[in-house]
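Residue-level structural notes
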Amino acid sequence: MVHTFELSKMISRDTFDEIIRSLKLRNYRYYFFTTAYSDKGFAAIRLYI
């Protein structure tokens, strides 16, 4: 069984940049991607631009 959910929240540009720096996200065309929290049960995290 696969469980998926999506959380959305508007954040400031400064907060967005801080998250990108802290998680070392990979940049794709329209989003940033990380698997940094896979050990905590989150298979992937994407931040959309």
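Here, every reference points to the structure presented above.
Residues numbered from 1 in each chain as written. Predicted model: local features only at pLDDT ≥ 70, side-chain atom pairs only at ≥ 80, totals over all residues. Heavy atoms only, no water.

1. Re the pairing of strand 2 (residues 31–34)
Here strand 1 (residues 26–27) runs beside strand 2; their pairing, made up of two bridges, is antiparallel. Across the sheet, Arg26 pairs through a bridge with Phe33, a residue of strand 2. Following strand 1, the chain reverses through three residues before pairing antiparallel with strand 2. Relative to strand 3 (residues 45–48), strand 2 runs antiparallel, the two being bridged by four bridges. (Pairing = 2+ DSSP bridges. Helix = DSSP H or I, 4+ residues; strand = E, 2+ residues; numbered from the N terminus.)

2. Regarding the side chain of Thr34
Mapped onto the elements of the fold, Thr34 is located in strand 2. Under the relative-accessibility criterion, Thr34 is labelled buried at 6%. Among the polar contacts made by the side chain of Thr34, one reaches the main-chain amide nitrogen of Ala36 at a distance of 3.0 Å. In contact with Thr34, other than residues within four places in its own chain, are Leu23, Leu25, Ala44 and Ile45. (Buried < 20%, exposed > 50% of the residue type's maximum accessible area, 1.4 Å probe, protein only. Polar contact = N/O pair within 3.5 Å; in protein donor to acceptor, adjacent residues only side chain to side chain. Contact = heavy atoms within 4.5 Å.)

3. Considering the nonpolar core
By size, the foremost hydrophobic cluster in this structure holds six residues: Phe16, Ile20, Leu23, Leu25, Phe32 and Leu47. Ranked by the residues each element gives to this core, the list is headed by helix 1 (residues 13–23), at three residues. (Core = buried A, V, L, I, M, F, W, Y, C linked by side-chain atoms within 4.5 Å.)

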